[in-house]
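Listed below are the residues making up each chain.
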There are 2 protein chains.
Amino acid sequence: MSAELEVFDRLLEIALLIQEDLARSFAATDLTVSRTHLLWELNRLGPSTQNTLATALKVSPRNVTGLVDALEASGYVARPPHPRHRRALVVTLTDRGSQTMARMEHERSQIAAKLVADLDADQQEELRQGLDSIVTRLQGLVSPATASGRKRSA
Amino acid sequence: MSAELEVFDRLLEIALLIQEDLARSFAATDLTVSRTHLLWELNRLGPSTQNTLATALKVSPRNVTGLVDALEASGYVARPPHPRHRRALVVTLTDRGSQTMARMEHERSQIAAKLVADLDADQQEELRQGLDSIVTRLQGLVSPATASGRKRSA
DNA sequence: TATTGTTATACTCTATAACTATA
DNA sequence: TATAGTTATAGAGTATAACAATA
């Protein structure tokens with residue numbers, strides 16, 4: 001197998017394994033991947049309208065309605081009306097939602113540390129640079145037209 | 001942000017971008033991610049029973065029935081009965097299925113090459129080793145009990 | 001008229017349980 | 001009894017289109 005394919009295959013395998021690990025960590029809760037993704041974005045963005053979330057998640061507004069319905073029913077979010085726009089709703093993390101996100105952020109740090117535990121600081125830095133290069137290349141592949149204008153969120 | 005998190009975040013972003021790129025390449029066909037995954041495994045394993053596919057894809061037999069139904073209807077696979085077991089079916093790639101897989105393998109090679117085009121041979125090799133270390137760590141996280149027994153398919 | 005969200009409808013992926021046919 | 005697959009049922013994620021409420 002060529003050297004390029006070896007790198008690519010490992011990236012695919014890592015993607016799969018990370019997903020598996022996430023699914024395992026969800027199993028302890030009543031959350032699904034999509035709902036957790038919404039909570040994660042909400043945590044990042046702060047209180048948001050459903051349309052904002054739909055854009056952030058690259059998903060239809062109708063879909064967000066369903067996800068927020070479920071998250072509201074299980075107590076992770078609330079959606080009081082917008083103070084200055086009675087039609088709009090502002091989706092907000094409840095205490096339970098905030099605590100869950102805090103726990104997940106913590107788990108994420110621990111996993112991140114474990115993954116590179118076999119590498120010294122120099123190796124980690126070179127790895128980061130290699131991955132950075134790949135991210136840039138991939139962004140060019142996925143959206144060639146707007147690649148120059150897109151920036152990863154640092 | 002810590003160095004560990006930087007590596008982890010890039011891995012997550014790469015996983016997302018690869019998925020996006022795959023979805024884009026499906027858009028030209030009538031295939032979905034799950035159906036393509038089945039075709040891919042079938043291509044790797046050769047003609048297989050549905051139970052074998054269910055195990056390979058880590059999915060229920062009932063689910064495989066649905067996927068194969070759809071792939072048969074669109075002409076990617078056939079399922080003649082097993083020669084020595086009239087109850088069993090042997091799922092097989094049709095010409096269309098084989099050609100599609102050949103094309104996808106080719107695309108995969110090209111993408112793989114593009115991703116690391118900015119790196120010289122030494123950097124590619126170091127990257128591969130770094131990723132290898134991460135794969136091993138992840139396998140340990142995902143299935144701690146059987147980690148020592150599991151081997152990546154080289 | 002434009003924005004925000006919901007109702008209506010439909011398709012895909014997924015699972016478990018019960019069942020049929022075969023070995 | 002064990003294996004291979006399907007029918008039945010159900011839940012989750014997703015989409016588009018039509019609609020209502022608000023601005």
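Described in the following lines is the structure provided in the data block. (Residues numbered from 1 in each chain as written. Chains lettered and ligands numbered in written order. Predicted model: local features only at pLDDT ≥ 70, side-chain atom pairs only at ≥ 80, totals over all residues. Heavy atoms only, no water.)

**Thoughts on the packing of helix 6 (residues 121–142) of chain A against helix 1 (residues 3–26) of chain B**
In the contact formed by helix 6 of chain A and helix 1 of chain B, the axes pass within 9 Å of each other and the chain directions differ by 25°. Our classification of the angle between helix 6 of chain A and helix 1 of chain B gives roughly parallel. As for how helix 6 of chain A packs across helix 1 of chain B, the hand of that crossing is left-handed. Split by residue class, the contact of helix 6 of chain A with helix 1 of chain B holds 13 nonpolar, two polar and nine charged. (Axes fitted to C-alpha atoms, helices over the stretch in contact; angles between N-to-C directions. Helix = DSSP H or I, 4+ residues; strand = E, 2+ residues; numbered from the N terminus. Parallel < 35°, antiparallel > 145°, perpendicular 65-115°, else oblique. Left-handed = near helix turned anticlockwise from the far one by under 90°. Nonpolar A, V, L, I, M, F, W, Y, C, P; charged D, E, K, R; others polar.)

**Some remarks on the relation of the copies chain B and chain A**
Superposition record for chain B on chain A: RMSD 0.1 Å, screw rotation 180°, translation along axis 0.0 Å. Expressed as a symmetry operation, the mapping of one chain copy onto the other fits a two-fold axis. Minimal C-alpha distance to the rotation axis in chain B is attained by alanine 15 of chain B, lying at 2.6 Å. Comparing interface residues between copies, 98% of those in chain B also lie at the interface in chain A; the contact surface is shared. (Least-squares fit on C-alpha atoms with pLDDT ≥ 70 in both. Contact = heavy atoms within 4.5 Å.)

**Remarks on the environment of valine 59 of chain A**
All names here are of chain A. Considering the arrangement of structural elements, one finds valine 59 in the loop between helix 3 (50–57) and helix 4 (61–73). Classification of valine 59 as partly exposed rests on a relative accessible area of 28%. Every residue in contact with valine 59, bar those within four places of it in the chain, is listed here: Ala54 and Val64. (Buried < 20%, exposed > 50% of the residue type's maximum accessible area, 1.4 Å probe, protein only.)

**Re empty space enclosed by the protein**
Which parts of space are left empty comes out when a probe the size of a water molecule is rolled across the atoms. Residues and elements named next belong to chain B. Under the criterion given, the structure shown has one cavity of 30 Å³ or more. Of all the elements, helix 1 adds the most residues to the lining of the largest cavity, at three residues. In the lining of the largest cavity, the residues fall into five nonpolar, no polar and one charged. (1 Å grid on protein atoms, 1.4 Å probe; cavity = no way out; pocket = protein on both sides within 12 Å on 5 of 7 lines; lining within 4 Å. Points joined across faces, edges and corners; volume = space filled by probe spheres on them.)

**Here we look at the packing of helix 1 (residues 3–26) of chain A against helix 5 (residues 95–115) of chain B**
Running from N to C, helix 1 of chain A and helix 5 of chain B cross one another at 95°; their axes reach a closest spacing of 8 Å. Overall, the two elements helix 1 of chain A and helix 5 of chain B adopt an arrangement that is roughly perpendicular. Here Glu4, Leu5, Phe8, Asp9 and Leu11 of chain A of helix 1 of chain A lie close against helix 5 of chain B, whose contacting residues are Arg108, Ser109, Ile111, Ala112, Ala113 and Leu115 of chain B. Residue classes in the contact of helix 1 of chain A with helix 5 of chain B are distributed as seven nonpolar, one polar and three charged.

**Digging into the pattern of salt bridges**
Applying the stated rule across the entire model yields 24 salt bridges over all chains. Where glutamate 107 of chain A meets arginine 103 of chain A, a salt bridge forms, and the shortest distance between an N and an O atom there is 3.2 Å. In this pair, glutamate 107 of chain A and arginine 103 of chain A are both assigned in helix 5 (residues 95–115), four residues apart and thus about one turn of the helix distant. Residue aspartate 9 of chain B is joined to arginine 108 of chain A by a salt bridge in which the shortest nitrogen-to-oxygen separation is 2.9 Å. Highlighted residues: aspartate 9 of chain B in helix 1 and arginine 108 of chain A in helix 5, drawn from two different chains. Overall, the relative accessible area of 24% leaves aspartate 9 of chain B in the partly exposed class. Classification of arginine 108 of chain A as buried rests on a relative accessible area of 17%. Salt bridges sharing partners connect three or more residues here, namely Glu6 and Arg10 of chain A together with Glu125, Arg128 and Asp132 of chain B. (Salt bridge = Lys/Arg side-chain N within 4 Å of Asp/Glu carboxyl O.)

Geometry only, nothing functional implied.
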